[in-house]
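Understanding the architecture of this molecule
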Amino acid sequence: MSTCSTVSRQLDEPMAATAVTATTWLLLEQPGPWGAKALTSSHLDPALGRALERAARGTGVRIALIRRPGRHADCRTPSAPSVRHVYAAHTLPGNAWLHSAVTSDPEHLLDLDFAALGGGDHHTFDAALRGGPHTGDPLALVCTNGKRDRCCALLGRPLAAELAALGVRGVWEVTHLGGHRFSPTLLVLPYGYAYGRTEAHAVKDALHGVRQSRVVLEGCRGRTAWERPGQAAELAVRKAAAEYRADALAVVRTDGAAPRWQVTVAHADGRRWHVTVAQDAAAPPRPESCGTAVLGGPAHMDVLAVHELTATRLAC
C-alpha cells in the first residue's frame, strides 16, 4: 500500500553553518584546555595534530579530542597523561561498531589506515593500537569547546558535570560538534546520532535507547553519517513509520541540489520512501551563537512530503 503524507514541520539544520558529517569518528583523550582548532591548539603536539588532519582529510574520518568532565586549568608546565583512551566508531547502518584502546603514545594514530577506517574496517584500529570491541557503556559526548563558541562552555560544561555527578557512565567532553546555537549539543556513539538543547534526563533516555539498539527522537538532530538532507529525511521517515530501531533505516540516494532534494530512505525489510526536502533560511533573524549581536538567517531543512513507495513501483 502506498502512503503519502505532507509534513508541515521544519527541521533546523542538524549542524551549524556546515553540517558535521562523518561515517567514522576517531576520538583521542587530551586533557587540559582546547583552542578553537583543538587538534593544533591544545596540549597535543601541534605537529601531530596537523599530521592527523592531513591523514584524515577526505576519508570520512572525523577526529575529535575528548576529556573527562571537570575543570581544565592551563598549567604552565602541562604533563601529558601516561595513558590515553582512544575510541573509533563507525556509524553506517548494518556495520555500526565502537572499538576502544589505550595508548601511551598518540603518534601511533598515524599508523592507522584512515581510508580503511572511514570505510568501516576496524582491523586497522585494532592492529595499530591493540584495540578491540568496546565492552563498556555507549559514549555520550558533550561539546564543551568554549574557544570555538561560548555556548558550548556556558551550557555544555554544566551538562557534562551534571551527568558525571549523577553517575552516568560513558560521558566525555568533546571538541567542536557544530550546531552551537542548539547548545548543549551531544553526540551518542556508536550510532552517531546528534542531539541539541539537551538536558540530563534526555541524555539518560538516549543512552538507554542505545543499549536497546534504538533511537530516541526527542531533541535528535540526525545521524552524522548522512548529509543534512539525508538527516532530515531519515528522521521524518522514523516519525512517519514509528520506526525506532537504530539500524532499520538507511539513506540510499539523494537527488537534486540546494535548495531542494529528493531523498530515498530504505528500510531493512525492503520498504522505501521518497522524501522531499527543501532548504530555507530561518526567520526572523537571530544570533547564531552566544555573546554576539550579529543576526543571521541560519539554514534549516524543511521536510515537505514523505511518500512510501508501492511494491509495484519498487519493481519497476
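Our subject is the structure listed above.
Residues numbered from 1 in each chain as written. Predicted model: local features only at pLDDT ≥ 70, side-chain atom pairs only at ≥ 80, totals over all residues. Heavy atoms only, no water.

Within the chain, the regular secondary structure consists of 7 helices and 17 strands. Expressed as a percentage of its 316 residues, the buried residues of the chain come to 51%. Restricting the contact set of the chain to residue pairs at least 6 apart, pairs at least 24 apart contribute 65%. (Helix = DSSP H or I, 4+ residues; strand = E, 2+ residues; numbered from the N terminus. Buried < 20%, exposed > 50% of the residue type's maximum accessible area, 1.4 Å probe, protein only. Contact = heavy atoms within 4.5 Å.)

Across all of its chains, the model carries 1 aromatic pair by this definition. Centre to centre, the rings of Tyr 87 and Trp 172 are 6.0 Å apart; their planes meet at 70°, and the pair counts as edge-to-face. Of the two residues, Tyr 87 is situated in strand S4 (residues 84-90) and Trp 172 in strand S8 (residues 171-174); the sequence distance between them amounts to 85 residues. You can call Trp 172 buried: its relative accessible area is 1%. Over the ring of Trp 34 we find Arg 67; its NZ or CZ atom is 3.7 Å from the centre of that ring. The ring of Trp 172 has Arg 68 sitting right over it, with the charged end atom 3.7 Å from the ring centre. (Phe/Tyr/Trp six-rings, centres within 6.5 Å; stacked < 30°, edge-to-face > 60°. Lys NZ or Arg CZ within 6 Å of the ring centre and 35° of its normal.)

What follows covers the pairing of strand S3 (residues 61-67). Here S3 lies mainly inside the structure; 6 of its 7 residues are buried. Where strand S2 (residues 24-29) lies against S3, 6 bridges are found, and the strand directions are parallel. Bridged to Leu 27 within S3 is Ala 64. In terms of handedness, the path from S2 via helix H1 (residues 46-56) over to S3 forms a crossover that is right-handed. Bridge analysis of S3 against S8 gives 2 bridges, and the strand direction is antiparallel. Across the sheet, Ile 66 pairs through a bridge with Val 174, a residue of S8. (Pairing = 2+ DSSP bridges. Right-handed = clockwise from strand over helix to strand, strands pointing away.)

The next subject is helix H5 (residues 200-211). An ideal rise of 1.5 Å per residue puts 16 Å on 12 residues; H5 measures up with 17 Å between its terminal C-alpha atoms. Of all the positions in H5, only Ala 200, Ala 202, Val 203, Ala 206, Leu 207, Gly 209 and Val 210 are classed as buried. Among the residues trailing H5, Ser 213 stands out with phi positive, at a value near 60°. (Expected span 1.5 Å × (residues − 1).)

Assignment of secondary structure puts Thr 175 in the loop between S8 and strand S9 (186-189). Residue Thr 175 is classed as buried on the basis of its relative accessible area, which comes to 6%. When neighbours within four sequence positions are excluded, Thr 175 is seen to be in contact with Trp 34, Ala 38, Ala 64, Leu 65, Cys 143 and Asn 145.

Residues Val 171 and Glu 173 line one face of S8 and the alternating positions Trp 172 and Val 174 line the opposite face, and both faces are buried. Of the pairings in the sheet, the one linking strand S7 (residues 139-143) to S8 comprises 4 bridges and is parallel in character. For Leu 141, the partnering residue across the bridge sits in S8 and is Trp 172.

Within the secondary structure layout, Thr 91 lies in the loop between S4 and strand S5 (97-103). Here Thr 91 falls in the buried class, since its relative accessible area comes to 0%. When sequence neighbours within four positions are dropped, the list of residues in contact with Thr 91 reads Ala 22, Thr 23, Trp 25, Leu 189, Pro 190, Tyr 191, Gly 192, Arg 223 and Ala 225.

Turning our attention to the pattern of salt bridges. Note on pairing: side chains with opposite charge can pair once their charged atoms come close. Evaluation of the coordinates by the stated rule reveals 8 salt bridges. Here Glu 173 ties to Arg 67 by a salt bridge, and the two come within 2.8 Å at their closest N and O atoms. A residue pair is termed long-range when its members are at least 10 positions apart, and Glu 173 in strand S8 and Arg 67 in strand S3 qualify at 106 residues. An identical accessibility class is assigned to Glu 173 and Arg 67; each is buried. (Salt bridge = Lys/Arg side-chain N within 4 Å of Asp/Glu carboxyl O.)

A separate point is the side chain of Thr 103. Within the element layout of this structure, Thr 103 appears in strand S5. In this structure Thr 103 comes out as buried when scored by relative accessible area, which is 6%. At a separation of 3.0 Å, a polar atom in the side chain of Thr 103 contacts the main-chain carbonyl oxygen of Asp 105. (Polar contact = N/O pair within 3.5 Å; in protein donor to acceptor, adjacent residues only side chain to side chain.)

Take the sheet that holds S7 next. The strands making up a sheet associate through backbone hydrogen bonding, with each pair oriented either parallel or antiparallel. Strand order in the open sheet made by the 10 strands is S6-S5-S4-S2-S3-S8-S7-S9-S10-S11, with mixed pairing throughout. Single-partner strands in this sheet number two, and they are strand S6 (132-133) and strand S11 (220-223). Examined bridge by bridge, S2 and S4 share 5 bridges and lie antiparallel to one another. Within S4, the position partnered with Trp 25 by the bridge is Ala 89.

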